[in-house]
Amino acid sequence: MATTMNPEKARQQKRDWREKNRETVTECNRKYREANRAILRARARKYREENLDKVRAANRKWFEENPDKAKQCYRNYYRANQEAATEYQRNRRAANPQLAHARDRNYYEKNAAVISKRARKWRDEHPEESRAKDARGRHARRARERGVESERLNPLAVFVSDDYICQRCGLNVHQYKGPGWYRDRATIDHIIALANTNRGGDNTSNNRQTMCSMCNSEKGHGDDDPTRRPSAARAVRDKAARDRGELSRDIQMSDEAQAKRIRGRYRI
Ligand SMILES: [Zn+2]
């Protein structure tokens, strides 16, 4: 009779039975969990709320003891909740930017070799985006130094919205991989120069436009003055040359020619 059985013996019997019928037990448990998911969740949540410190300590201990499994857990969670996770991280950074910077620095110092290798690979594979990123960083820095408003905007978006046409001379412009001077390289121009902060030269989308290399260096540090743009004839001539395929990489200027041009003694 169960009622008269030694309780320790009864427990042992149950354990043995479970051990022998492990699959049945697992299946039963699974079915039970499925049928009572809401109740079990609520119960778990309640327990968690009531024993937060204990639960957190237990979690931390488990994560420390099972680093590989923990990593996989994090990964699965991020994959399933990408937006929420990003939002959480953003909030966390905003709450304590100094700590976030310290953490970043620490991470970069520890993984410098891997990071620079990865960055180089990305740059090789994405030449246009990488140049665009450089320009974006440069402009943001100059705006910051001058204390004017700066908007985070992808230069590619500026080029696309201007149809890859220089807004000063009307030349079709292109993006080139690597350094070097190309007459028709797409660059970002600030309509009111960043140097002219008193006249509203800021780094916002309203103040940005596409320009070819030539126009941008001719314009120098001044504003884009519509009354002082090159003649339409030059734009037409350039466009015709470009259509003949002459105005591209093939006429890349030598360093010397470039220096001459910058000194104002060279004209195309
Ligand atoms: Zn131009």
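Above this text you will find the structure in question.
Fair warning: this is a prediction, and the values are worked out from it, not measured in the lab.

K.L.:
I tried to follow the nonpolar core on my own but got confused; where do I start?
P.N.:
The tendency in soluble globular proteins is for nonpolar side chains to be buried side by side. Within the largest apolar cluster, 15 residues are counted, with the highest numbers of intra-cluster contacts made by Phe159, Cys166, Cys169, Leu171, Val173, Cys212 and Cys215. Of all elements in the fold, only helix 10 (155-161), strand 1 (186-190), strand 2 (208-212) and helix 11 (213-219) reach the threshold of two or more residues within this core. Leave out the neighbours within four places in its chain, and Phe159 touches Tyr164, Gln175, Ala186, Thr187, Ile188 and Thr210.

K.L.:
How should I be thinking about the side chain of Thr187 in this particular structure?
P.N.:
Summarising the element assignment, Thr187 is placed in strand 1. When its relative accessible area of 19% is taken as the criterion, Thr187 is described as buried. A distance of 2.8 Å separates a polar atom in the side chain of Thr187 from a polar atom in the side chain of Asn216. Those residues in contact with Thr187 that lie beyond four places of it in its chain are Phe159, Gln209, Thr210, Met211, Cys212, Ser213 and Asn216.

K.L.:
Just checking my understanding: could you explain the coordination of the zinc ion for this structure?
P.N.:
By definition of the ideal shapes, four donors in a tetrahedron about a metal sit 109.5 degrees apart, and six donors in an octahedron sit 90 or 180 degrees apart. Of the protein atoms, only Cys166 (SG), Cys169 (SG), Cys212 (SG) and Cys215 (SG) coordinate the zinc ion, at distances of 2.2 to 2.3 Å. With four donor atoms in place around the zinc ion and angles of 102 to 117 degrees between them, the coordination shape is tetrahedral.

K.L.:
Which parts of the structure should I look at to understand the pairing of strand 1?
P.N.:
Within a regular strand, side chains alternate between the sheet's two faces. Of all five residues in strand 1, five are buried, a share of seventy percent or more. Residue alternation in strand 1 divides its side chains into two sets, Ala186, Ile188 and His190 and Thr187 and Asp189, and both sets are buried. By the bridge criterion, five bridges tie strand 1 to strand 2 in an arrangement that is antiparallel. If you follow Ile188 over to strand 2, its bridge partner there is Thr210.

So, how was this worked out
- Residues numbered from 1 in each chain as written.
- Predicted model: local features only at pLDDT ≥ 70, side-chain atom pairs only at ≥ 80, totals over all residues.
- Heavy atoms only, no water.
- Core = buried A, V, L, I, M, F, W, Y, C linked by side-chain atoms within 4.5 Å.
- Buried < 20%, exposed > 50% of the residue type's maximum accessible area, 1.4 Å probe, protein only.
- Helix = DSSP H or I, 4+ residues; strand = E, 2+ residues; numbered from the N terminus.
- Contact = heavy atoms within 4.5 Å.
- Polar contact = N/O pair within 3.5 Å; in protein donor to acceptor, adjacent residues only side chain to side chain.
- Donors = N, O, S within 2.8 Å, 3.2 Å for Na, K, Ca; no water.
- Tetrahedral: all angles 85-135°; square planar, octahedral: opposite > 155°, others 65-115°.
- Pairing = 2+ DSSP bridges.

Distances and angles like these do not, on their own, reveal function.
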